[in-house]
Amino acid sequence: VEAKMWTSAMSMYRQLEQWEDAKRVAKMHGGKQAFEKVVLAQAHATFKEHGAEAGAQLLAKHGLIEIAIDYAVEHSNFQHAFELANLSAKHKLPDIHLKKALALEDDEQFKLAEEEFIQAKKPKEAIDMYVHQRDWVSAMRVAEAYEPQSVNDVMVHHAKDLVDQNNMQAAENLFIQAGKPELAVKAYSSKRNVPEAVRVCKKHCPHMLGDVVDSYGEGGGAPGAPQSLDEILDAAKIYEETGNYSRAIDTYLSVTETASADPDRLEEVWENSVRLSMKHAQERYNETVSIVAKRLKLIQRYEAAAELYESIDAAREAVNCYIAGEVWDKARMLAQQMAPDMVRLVEDRYKSELVNKGAGDELIRRTGDVDSALDMYARNGDWTKCLSLAEKQSPKMLPHYLVQYCKILANKGDNLEACQMLVRYGPPPEPSNFQLYKVIHTDLLAGTDVSGASLVREMLLRVMTPPGALGAPPTPAALAEDRRPQAEFLKALMAAHFQSLRQRLRERNFAPELVAKMSVSLCRYCAEFPVDLAFYDAGIDCKNAGMINMSFFFLNRFLDIADAIDDPENAAIDNTDFMDTDIPSPYDLDLPEQNHISSDKVEEIRDWVLGWSMDQSVQQKMDTRQCDKCGSHIYGGAVVCVRCGTTSDPCAVTGFPVVKRNRVECTVCRVAANRDDWNMWVQHFKECPWCSSPQNPNY
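Heads up: these notes are all about the structure in this document. (Residues numbered from 1 in each chain as written. Predicted model: local features only at pLDDT ≥ 70, side-chain atom pairs only at ≥ 80, totals over all residues. Heavy atoms only, no water.)

**Here we look at the nonpolar core**
By size, the foremost hydrophobic cluster in this structure holds 111 residues, and its most contacted members are F535, F554, F558 and W690. Excluding anything up to four places from it in sequence, F554 contacts V520, C523, F535, A538, G539, F578, I583 and Y635. Of all hydrophobic cores here, the second largest spans 88 residues; its members include F110, I118, L229 and A331. (Core = buried A, V, L, I, M, F, W, Y, C linked by side-chain atoms within 4.5 Å. Buried < 20%, exposed > 50% of the residue type's maximum accessible area, 1.4 Å probe, protein only. Contact = heavy atoms within 4.5 Å.)

Here's what the structure looks like:
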């Protein structure tokens, strides 16, 4: 103390719990504040050892009543606090009741807490407690009994709770009872229920009506949330109902074509704007119609758009809309009445539309434009209609479309159908088409389709028949004299003729000797189809007819050709045996890239030929005949004598030369044939092999 360190002395006594000495030093040297601080420390120590009441009594003993009361409350010793207050500090009673009420509220003893709030003269806190607990009955009871001015607040809180539960009607009633209709309006607005918000506004707070409508017209509701179509329409209807027609028109027009996938609904919405502008805002009518008409075009309601354009005398726009909507009668009528310069445009567009739709019959019926219909069918690939129409109504154009179609078929490799079409409609004779005919006959004569050869025969015979020729087709002899460009098809025609006759005999398994002769004659035309097939058929058919020498002769040549095809670099075909025939030399032909006969069959034939070569009764030689003019012995199948150059007519049945002593002719077409071959054919088929006219045997 003498060192002026009384606080250290005081601390020493406190640590030793010599409280009287500590209080003496504090009071003497530190004054009242230091003394009270020591008393508080002693009270804390007493509380730890003897309880809160003992600590509070100590404080009261030293005249620190209010501190003692606060101390008792702090330690939840409310009974002692009340006792101290009742004795010495009654002004502290409300505060003690309030602190006790708050403690009871924390312990969820709400009824007891209410009583304490009331005794503390704090009914508002009791009401807030019940509001927080959503105990609306208790909150209202307390308000009505102790805080009448808070009754409306309780109703408002209760109503807001009902809004959260979407019980909007009950909430509205409470808001109105509380004298807060504007809160009902805001609640409906928050739920984006425009009609109800407007209803409440009209009845209780009309001054808010404009704000409500404007908030929806400007996208009110959830912040940043896009308005739905229904919400926009609700806002527009409100503008209508409140007489704000211009704003209603703008609102209807704010609906774009992306707002709905239903074009009917969009049209209905936009027509509302037209209706309003007509009745209530005529100064905006033309502008509104122009906007709506453009919108209607976007959703392809062209006729409705055209009618709107008509209403503002925009005739040209209306005509264009009628055209786009394919309302042709209205387009024609309006163009004739209001825009004569567009009449031609309407007809041209109508014709184009029919062409695009493939409505050829309608195009012809309405416009008579056969050429456009033909072009349309051709572009659409409807060749059946195209050719049929050309045949009936535009014969001059038939060749053009026929060749066009056949080229398409040939490019796809469908040469059989191309040939069928040419036979059906007649092949155009112009030389520019000859390459097409060559592609077709080359493919079909080499193919396996049984109808190919007969179709090629008919096609080429029509190509080679002179224009204007009537009656029976010209004979091979007459065609051989023809000097027109078509003469290049004579050999292909003859190949097709004999292939088709041979097929008919094979189908009936009849006259193998005639089949053999036909196959031998076809070797003369082997430039028109695969050469290996020609010699193979000749050899096999001769074998089947028992003509072994000739079979040996042709199959030996077939093997040479087959080997040359397999190994063209080392090909060596001896043509000596064929020098005195009219069969083309293999060196004058293009050999196929691959064999048409399987390797197994080739090896089987090789065994036959090898066997015959060792059989002395079989000779590799051709049959011969005597030339009618020079008497020389020549190859029996040759139509041209290699000695004197005399040319004989090919037999219409077999292709062999017609000899004078056996010559017969068809009574209709005068084609020549050898009697025995003719009779055998006619006895079976009853018709000429060349012109198909009915014939009888000739003995």
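**Structural notes on the pattern of salt bridges**
For the structure on display, the rule yields 36 salt bridges. Residues R301 and E267 are paired through a salt bridge, measuring 2.7 Å at the closest nitrogen-oxygen approach. Separated by 34 residues along the polypeptide, R301 in the loop between α19 (285–298) and α20 (302–311) and E267 in helix α18 (residues 263–280) bring together distant segments of the chain. Judged by its relative accessible area of 23%, R301 falls in the partly exposed class. A salt bridge links R484 to D482, with the nearest nitrogen and oxygen atoms 2.8 Å apart. Salt bridges sharing partners connect three or more residues here, namely R502, R506, D537 and D541. (Salt bridge = Lys/Arg side-chain N within 4 Å of Asp/Glu carboxyl O. Helix = DSSP H or I, 4+ residues; strand = E, 2+ residues; numbered from the N terminus.)

**What to know about the packing of aromatic side chains**
Evaluation of the coordinates by the stated rule reveals 14 aromatic pairs. Pairwise contacts between aromatic rings join F535, F553, F554 and F578 into one cluster. Over the face of the ring belonging to W690 we find R457, whose NZ or CZ atom lies 4.9 Å from the ring centre. Against the face of F685 rests R504, its NZ or CZ located 4.5 Å from the ring centre. (Phe/Tyr/Trp six-rings, centres within 6.5 Å; stacked < 30°, edge-to-face > 60°. Lys NZ or Arg CZ within 6 Å of the ring centre and 35° of its normal.)

**A short note on the environment of F117**
For F117, the position within the fold is in helix α8 (residues 110–119). Exposure remark for F117: the relative accessible area of 1% places this residue in the buried category. F117 sits 23 residues away from P94 along the chain, and the two C-alpha atoms are 8.7 Å apart. Other than its neighbours up to four places away in sequence, F117 contacts L98, A101, L102, E105, K122, P123, E125, A126 and M129.

**Details of the packing of helix α28 (residues 415–425) against helix α30 (residues 452–464)**
Relative to each other, α28 and α30 sit at 40°, their axes nearing to 9 Å. By the angle between their axes, α28 is oblique relative to α30. The two elements α28 and α30 cross, and the hand of that crossing is left-handed. Contact residues: L416, C419, Q420, L422, V423 and R424 in α28; G452, L455, V456, E458, M459 and R462 in α30. Per-class residue counts for the contact of α28 with α30 are 7 nonpolar, 2 polar and 3 charged. (Axes fitted to C-alpha atoms, helices over the stretch in contact; angles between N-to-C directions. Parallel < 35°, antiparallel > 145°, perpendicular 65-115°, else oblique. Left-handed = near helix turned anticlockwise from the far one by under 90°. Nonpolar A, V, L, I, M, F, W, Y, C, P; charged D, E, K, R; others polar.)

**Examining the side chain of S519**
If you trace the backbone, S519 turns up in helix α33 (residues 512–522). Taking relative accessible area as the criterion, S519 reaches 0% and is therefore assigned buried. Of the polar contacts made by the side chain of S519, one reaches the side chain of R502; its length is 2.8 Å. Non-local contacts of S519, meaning those with residues more than four positions away in its chain, are made with R502, R506, A534, D537, A538 and D541. (Polar contact = N/O pair within 3.5 Å; in protein donor to acceptor, adjacent residues only side chain to side chain.)

**Overview of the packing of helix α14 (residues 194–204) against helix α16 (residues 229–241)**
Two numbers describe how α14 lies on α16: the axes approach to 10 Å, and their chain directions differ by 25°. Looking at the two axes, α14 sits roughly parallel to α16. Contact with α14, carried on its side by V194, P195, V198 and K202, involves D234, I238 and E241 of α16 and no other residues of that element. A class-by-class count of the residues in the contact of α14 with α16 yields 4 nonpolar, no polar and 3 charged.

**So, unusual backbone geometry**
Here Q300, not a glycine, exhibits a phi torsion of approximately 65°, which is positive. For Q300, the location among the structural elements is in the loop between α19 and α20. We classify Q300 as exposed; its relative accessible area is 59%. Despite not being glycine, K686 has its phi angle at roughly 60°, a positive value. As for its placement among the helices and strands, K686 is situated in the segment after α37 (675–685). Since its relative accessible area comes to 53%, K686 is described here as exposed.

**A few points about the environment of I605**
Looking at the secondary structure, you find I605 in helix α36 (residues 599–613). For I605, a relative accessible area of 0% gives the class buried. In this structure the C-alpha to C-alpha distance between I605 and N556, which are 49 residues apart in sequence, comes to 8.7 Å. Aside from chain neighbours lying at most four places away, what touches I605 is Y536, I540, L555, F558 and L559.

**Here we look at helix α11 (residues 151–164)**
Over its 14 residues, α11 extends 20 Å from the first C-alpha to the last, a length consistent with the 20 Å expected when each residue adds 1.5 Å. Listed as buried for α11 are V151, V154, M155, V156, A159, D161, L162 and V163. Along its buried surface, α11 packs onto α9 (123–132), α10 (136–146), α12 (168–177) and α13 (181–190). Backbone geometry just after α11 places N166 at a positive phi near 65°. (Expected span 1.5 Å × (residues − 1).)

**With respect to α9**
Where α9 is concerned, the buried positions are P123, A126, I127, M129, Y130 and V131. On its buried side, α9 packs onto α7 (93–106), α8, α10 and α11.

**A word on the environment of E240**
With respect to the helices and strands, the residue E240 is situated in helix α16. Sequence separation between E240 and L276 is 36 residues; the distance between their C-alpha atoms is 8.5 Å. Sequence-distant contacts of E240, defined by excluding residues within four places in its chain, comprise Y245, A248, Y252, R275 and L276. Side-chain polar atoms of E240 contact the side chain of R275, separated by 3.4 Å.

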